[in-house]
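Spelled out, the chains give:
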Amino acid sequence: MDNDSIDQIIDKQRGKPGSLIQVLMEIQDKNQWLPREALEKVSEKLEVPLSRVLRIATFYKTFKLIPEGRHKIHICTGTACHVRGAQRVLDTVQDLTGIKPGETDPDLKFSLETVNCLGCCTLGPVLEIDGKTFGKAAPAEIADELKKYE
Amino acid sequence: MARISSVAELEELRKDILSKREPGKPWIAFCGGIGCLCLGNDRVISAFAEEIRKQSLEAKVGLRMTGCHGFCEKGPSVVIYPEEVCYLEVTPEDVPEIIAQTVVGKKVIDRLVYTDPKTGEKAAHLFEIPFYRNQTRFLIGNNPRINPRSIDDYLAAGGYSALAKALFEMSPEQVLAEIKKANLRGRGGGGFPAGLKWETARNAPGEEKYVIVNAHEGEPGAFMDRALFTGNPHCVLEGLIIGAYAIGAHQGFIYTRHDNPQLRENIDIALAQAKEYGLLGENILGSGFNFNVEVHLDIGIFVSGESSALMRSIEGKAPEPRPKYIRTSVSGIWEKPSNLNNVETWANVPMIINKGSAWYAGIGTERSKGTKLISLSGKVCNTGVVEVPLGTPLKEIVYGIGGGIPNGKKLKAVHFGGPMGGSLPESLIDTPLDFDALAKLGAPMGAGAMLVIDEDTCMVDLARHFLEFLAGESCGKCVPCREGIRQMLKILTRITKGKGKEGDLELLEELAGVTREAALCALGRSAPNPFLSTLKYFRDEYEAHIKEKRCPALSCKELSASGGAKKNE
Ligand SMILES: Cc1cc2nc3c(=O)[nH]c(=O)nc-3n(C[C@H](O)[C@H](O)[C@H](O)COP(=O)(O)O)c2cc1C
Ligand code: FES
């Protein structure tokens, strides 16, 4: 991510109290993850100690401090999905991708994560690939779907 | 859009909007809720637009993307007005027929209407479908009728008349008195009287005060706040402005989810439109009252829905709760008096001001007034967003509205309030939906996530599941919560793997007792709830796991049905 776009994001929010989290989110939105240099820049420009920037960046699991895969798989393990078989979905995806929740494969193809509730519990079990939601997910369909990603 | 600077101008505008609408003109409402969109409603919508264009019906038929209709189970949902014919599970292939037969020909297509699975009876209109018919939809009822991105739709439905009434016919004290008399209780989990909280913030010293909408909705299994806020943002906003007027706040915050772009956009659009019309900003409706709103996004941790933690995140800090003796209504964001209410709590306000506290207090039970939104999910035929008067028996929700349990299974329990709530066994299904009645039985309502559980779900595993969730969501600041949850989770995990020991239950009870007493915030203090309630009502399941190494629900993978851990374990 180039310096200019980081500058732009910071300038937009600067001066507003409490802008740290919003700035980090916007950078991550653009860059998919938060490189160390970006955090240092945020600290410098917002005049927030780096220790506090790191505290926020490591506190939330939403913030990524390592590069993300090209495709993001989110599996809902919320309660409604849990009682409708989320574990089977998770097992299937783990088998197919060879990665566990929180991991990215060495080719940077997939990143896998579990999430709490996507708000479409009525369709459980639910998984989301690159923001697209798949309801009533069955193992065979998931396998077919995952083959489509490069 | 022109700025409105008096009540007369507001009514003028409303009249103007209504006069441009042709009452007999057919229009089609597509559900734009998350559920229906996941089920491919976007393709249905494009098919309608395409077909209308092909037949050159643009001038004759209106199309409207609305918020969640409620009946998510049978989505994509399409409603055709003015008759309010409701079609369920619509596919793009059905579209030409719907236009020809129903929109133009005024005939109902039998194959697309709701059919009662038991009686075979058909219900063509929205208000005839048992799922809707058995509800009282004061808050969510407008969802199928308005486009959330059009303030004119909200005005056409009578919107912002409560704000006008509050600003011009009532003093802030009178507004406050109405809310107190209505006995509106907070919908975010605690059930705390909103009027009392408002009064504390109002009376707290300091010029600068804040009002906040809690739209975090972190409770897994809860999706009603999103449905209401995405589908009818102005209703929440109107309530917030009225509350700000009563409390004497000039700055508001909306704290909401980052992972739902549609919700975010609808809120942003609503704020911009309200501002353009002069319903927000300086000198609202020419009353001299100023009020602005800022949106803050959470980044997905459950504890940031807790009031003091939420306020820390608005300040840009880590969401760690503070001890409860510091009241946020006296000292909240930047130590200023800050009044926080849930989305649904705010949404009740315009209705109370419009219809009066006496009307409102006539609905519900002795101490729980009004209606409550419920997110109905789990093992029930009709999942979706449900609204019923408080006091409605749970049985009515599960069977009358929910249509009972699918696949011929038996109801085992209902679970309220997610990880901070509890489960009630089937034998208590006649309990009324009431803050106090449910809390007394160990299953506090929480925000309104109601999970229906059938015989295939293991209650021990359910308790374990909630603790696993909380272990990841606790902020880690206080030891009783951080360690108590971890240790309870360890023991429960062992039990579900067939390695339970004599004495485990006693140890769990002891840990639950300490965590409940000593944790800093309600997350830790309520973390033991699911375990304690399942132990109270389903002790035999725990004992089967520990003593016989058997899972009666056949759900724990490492245990067999007849007892004994599996050989390959
Ligand atoms: C761990 C935790 C999470 C919470 N999450 C939410 C939430 O997502 N939404 C909400 O409205 N209230 C939540 N609450 C309750 C809030 O602390 C607060 O009581 C509520 O927003 C006040 O609004 P009300 O009085 O209108 O209910 C949570 C509380 C705790 C302890
Ligand atoms: S629990 Fe999975 S979407 Fe709600």
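Each remark here, short or long, concerns the structure printed above.
Visitor: Please give an account of the pattern of salt bridges that cites residues and values.
Guide: Inspection of the entire model under this criterion finds 46 salt bridges over all chains. Across the salt bridge formed by B:Glu217 and B:Arg226, the nearest N and O atoms sit 2.8 Å from each other. One exposure class covers both B:Glu217 and B:Arg226, and it is buried. Among the ionic pairs, B:Arg367 bridges to B:Asp436, the shortest N-O distance being 3.1 Å. Placement of B:Arg367 in the loop between helix H15 (357–361) and strand S11 (371–378) and of B:Asp436 in helix H17 (residues 435–440) is noted, with a sequence separation of 69 residues between them. Look at B:Arg367 and you get partly exposed, because its relative accessible area is 47%. One connected set of salt bridges, linked through shared partners, spans A:Asp7, A:Asp11, A:Lys41 and A:Lys45.

Visitor: I'd like a description of the site of ligand 1, backed by residues and values.
Guide: Residue and element names in this part refer to chain B. Taken together, 19 residues lie near ligand 1, and Gly188, Asn214, Asn341, Asn342 and Thr345 sit nearest. The contact in question runs from an oxygen atom of ligand 1 to an N or O atom on the backbone of arginine 187, over 3.3 Å. In the environment of ligand 1, an oxygen atom lies 2.7 Å from a nitrogen or oxygen atom belonging to the backbone of glycine 188. The fraction of the free accessible surface of ligand 1 (610 Å²) that becomes covered by protein chains is 91%. Going through the elements one at a time, strand S10 (338–342) and helix H21 (522–526) are the ones with two or more residues in the shell around ligand 1. Among the elements that make up the shell around ligand 1, the one with the highest residue count is S10 (three residues). Of the residues assigned to the shell around ligand 1, the class counts are five nonpolar, ten polar and four charged.

Visitor: Explain the nonpolar core residue by residue, including any values.
Guide: The biggest cluster of nonpolar side chains holds 85 residues, and the ones touching the most others in it are B:Tyr160, B:Trp198 and B:Phe291. It is helix H11 (residues 233–247) of chain B that contributes the most residues to this core, ten residues altogether. The residues contacting B:Tyr160, other than those within four sequence positions of it, are B:Leu10, B:Arg14, B:Ile151, B:Tyr154, B:Leu155, B:His234, B:Leu237, B:Glu238, B:Ile241, B:Ala274 and B:Leu279. By size, the runner-up hydrophobic cluster in this structure holds 57 residues, among which are A:Met25, A:Val42, A:Phe59 and A:Phe63.

What counts, and where the lines are drawn
- Residues numbered from 1 in each chain as written.
- Chains lettered and ligands numbered in written order.
- Predicted model: local features only at pLDDT ≥ 70, side-chain atom pairs only at ≥ 80, totals over all residues.
- Heavy atoms only, no water.
- Salt bridge = Lys/Arg side-chain N within 4 Å of Asp/Glu carboxyl O.
- Buried < 20%, exposed > 50% of the residue type's maximum accessible area, 1.4 Å probe, protein only.
- Helix = DSSP H or I, 4+ residues; strand = E, 2+ residues; numbered from the N terminus.
- Near = heavy atom within 4 Å.
- Polar contact = N/O pair within 3.5 Å; in protein donor to acceptor, adjacent residues only side chain to side chain.
- Areas by Shrake-Rupley, 256 points an atom, 1.4 Å probe, with all protein chains shown as cover.
- Nonpolar A, V, L, I, M, F, W, Y, C, P; charged D, E, K, R; others polar.
- Core = buried A, V, L, I, M, F, W, Y, C linked by side-chain atoms within 4.5 Å.
- Contact = heavy atoms within 4.5 Å.

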